[in-house]
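What follows is each chain in one-letter form.
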Amino acid sequence: MSLARPKSPKPPTPRREEESIWDKFSTLGRKKKIKEVQEVEEEGKHAIDTPGAPVVPICPPEEYNLEENEERSMVETKSLESPKFKQLVTVLIEWINDELASHRIIVKDIVEDLYDGQVLHKLFEKLSGKKLDAPEVTQSAEGQRKKLRVVLDRVNQVLGISRNITPRWSVESIHSKNIVPILKLLVALVRHFRAPIRLPENVILEVVVVQKREGMLNPRRVTEEITQAYSDYGQRGERDAFDTLFDHAPDKLKIVKKSLETFVNKHLMKINLEVINLDEQFCDGVNLVLLMGLLEGYFVPLHEFHLTPRTNDQKIHNVAFAFELMNEAGLPKPKARPEDIVNLDLKSTLRVLYNLFTKYKHLN
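### Details of helix α13 (residues 346-360)
The periodicity of an α-helix, 3.6 residues per turn, causes residues three or four places apart in sequence to face the same way.
Right, so step 1: Helix length check: α13 (15 residues) gives 21 Å between terminal C-alpha atoms against 21 Å at 1.5 Å per residue, within 8%.
Right, so step 2: Taken together, the buried positions of α13 are L346, K347, S348, T349, L350, R351, V352, L353, L356 and Y360.

Set out below in structure tokens:
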């Protein structure tokens, strides 16, 4: 049986000597630093808790450490979690990746991957077909800003934004990773270059802007409109009867849709096809091509179109081909774009079908 080893005696705790004058200065310095941090935290808390002030997203205290008159904006969490916002970001990322696939560029984060101007540089060159006089790769912050300035100057020029008008994006706002101007810029490019994508309508972001004035943080809420209703994009031209039906006469719209469906099936059933949903069954262009052949009394060679389209490009090709057949038949050029049909724009689809109905309604 072994005996327990005696524990080593602990060294006696040295008695703390009286603090020197330098120790006191060091302590005072730490206390002053702590007090400054507490003041900043209190400023932020005051800005948030002030009665009547908008709800500011939770941010670390250093986010409130602003210079006098400096502003900082933050998108409210509720806006970032909205389904429309998430859908918009997804659609834009997929569109960018499709456009830049040949460059082997893959965007995963719409802010982190675009703020330095590299992707925007390549995207604009791809959309416009014009080379920009800007360095390919820049690592420094100043170099990134210079690249952004070149890109944005050219973008503003192409979009027709004069120097007298302040654009909704800037070098600093994008380089500071502000998602609002990044989204607005991308939406403007989609609209101008008539991208074959459908953006979710009426995407709104609630943004809290905090400005430091006279040592106090003053928050205010700003509503940022990222996308509008699709009909407001200026792609349709003048308003017509279908605008009125959609806006003011939904019951009559149902009757019109039923009449067009009956007309379409009267001819498609000759080849054992039937449409039960006008909203979706023309978006790939197949039924539209076959319908034109039936109405004009000829067989459309299968090598002229994609019978089972899998990509957007194939669907757009089909619809564009159907439009060519309409033009050859003496029909007026459709106001809609092939991309509108592919993107399930019901008004555009109904307008095209109504043109066919007007010409061929008496055809057996």
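### Things to note about the pattern of salt bridges
Close approach of charged atoms lets side chains of opposite charge pair.
Right, so step 1: Considering all chains together, one arrives at 11 salt bridges under this definition.
Right, so step 2: Ionic pairing is found between E125 and K131, a salt bridge with its closest N-O pair at 3.6 Å.
Right, so step 3: In this structure, R198 engages D345 in a salt bridge whose closest nitrogen and oxygen atoms are separated by 3.5 Å. One end of the pair, R198, is in the loop between α7 (179-192) and β2 (204-213); the other, D345, is in the loop between α12 (338-342) and α13, with 147 residues separating them in the sequence.
Right, so step 4: On the basis of relative accessibility, which here comes to 27%, the residue R198 falls in the partly exposed class.
Right, so step 5: Taking relative accessible area as the criterion, D345 reaches 7% and is therefore assigned buried.
Right, so step 6: Within the structure, one salt-bridge network assembled from shared partners comprises E76, E206 and R221.

### Quick word on the nonpolar core
Right, so step 1: Counting residues in each nonpolar core, the largest one holds 46 residues, and the members touching the most others are L92, W95, I96, I110, L183 and L186.
Right, so step 2: Looking at this core, the elements that each hand over two or more residues are α3 (83-99), α4 (118-128), α5 (141-158), α6 (171-175), α7 and β2.
Right, so step 3: Top element by residues in this core is α7. It accounts for 10 residues.
Right, so step 4: Other than its neighbours up to four places away in sequence, I110 contacts V89, L92, I93, I179, I182, L183 and L186.
Right, so step 5: Core analysis: the second largest hydrophobic core is formed by 38 residues, L268, F321, L350 and V352 among them.

### Re the packing of α3 against α4
Right, so step 1: Relative to each other, α3 and α4 sit at 65°, their axes nearing to 10 Å. If you check the angle between α3 and α4, you find them roughly perpendicular. Viewed along their axes, α3 and α4 form a crossing whose handedness is left-handed. Mapping the contact onto sequence places W95, I96 and E99 in α3 and V119, L123, K126 and L127 in α4.
Right, so step 2: Its residues assigned to classes, the contact of α3 with α4 comprises five nonpolar, no polar and two charged.

### Quick notes on the sheet that holds strand β3 (residues 216-225)
Right, so step 1: In space, the three strands of this open sheet follow the order β1-β2-β3, with antiparallel pairing throughout. Because the sheet does not close on itself, it has two edges, and the strands there are β1 (71-75) and β3. Taken pair by pair, the neighbouring strands of this sheet meet at an average axis angle of 25°, ignoring direction.
Right, so step 2: With 10 bridges connecting them, β2 and β3 associate as antiparallel partners. Paired with L205 across the two strands is E224, which belongs to β3.

What counts as what
Each chain carries its own residue numbering, running from 1 in the direction its sequence is written. Per-residue local features are limited, in this predicted model, to residues with pLDDT of at least 70; the limit for side-chain atom pairs, both in listing and counting, is 80 or more; totals at the level of whole chains, interfaces and linings are taken over all residues. Each side-chain value is worked out from all heavy atoms of the structure, with water and hydrogens disregarded. Runs of H or I in DSSP of at least four residues are treated as helices and runs of E of at least two as strands, each being numbered from the N terminus. Expected span of a helix: the number of residues minus one, times 1.5 Å. Here's how the labels work: a residue is buried when its accessible area is under 20% of the maximum for its type, exposed when over 50%, partly exposed in between, all with a 1.4 Å probe on protein chains only. A pair is scored as a salt bridge if a Lys or Arg side-chain nitrogen falls within 4 Å of a carboxyl oxygen belonging to Asp or Glu. Side-chain atoms within 4.5 Å are what join buried Ala, Val, Leu, Ile, Met, Phe, Trp, Tyr and Cys residues into a set we call a nonpolar core. What makes two residues a contact is simply this: any of their non-hydrogen atoms within 4.5 Å. Axes here mean lines fitted to C-alpha atoms, for a helix over just the part in contact, with angles spanning 0 to 180 degrees between N-to-C directions. Relative orientations are named as follows: roughly parallel for angles under 35 degrees, roughly antiparallel for angles over 145 degrees, roughly perpendicular for angles from 65 to 115 degrees, and oblique for any other angle. Rotating anticlockwise by less than a right angle from the far helix to the near helix defines a left-handed crossing, while the corresponding clockwise rotation defines a right-handed one. Three residue categories are used. Nonpolar comprises Ala, Val, Leu, Ile, Met, Phe, Trp, Tyr, Cys and Pro, charged comprises Asp, Glu, Lys and Arg, and polar comprises the others, including Gly. Each pair of strands is called paired provided DSSP finds at least two bridges between the two strands.

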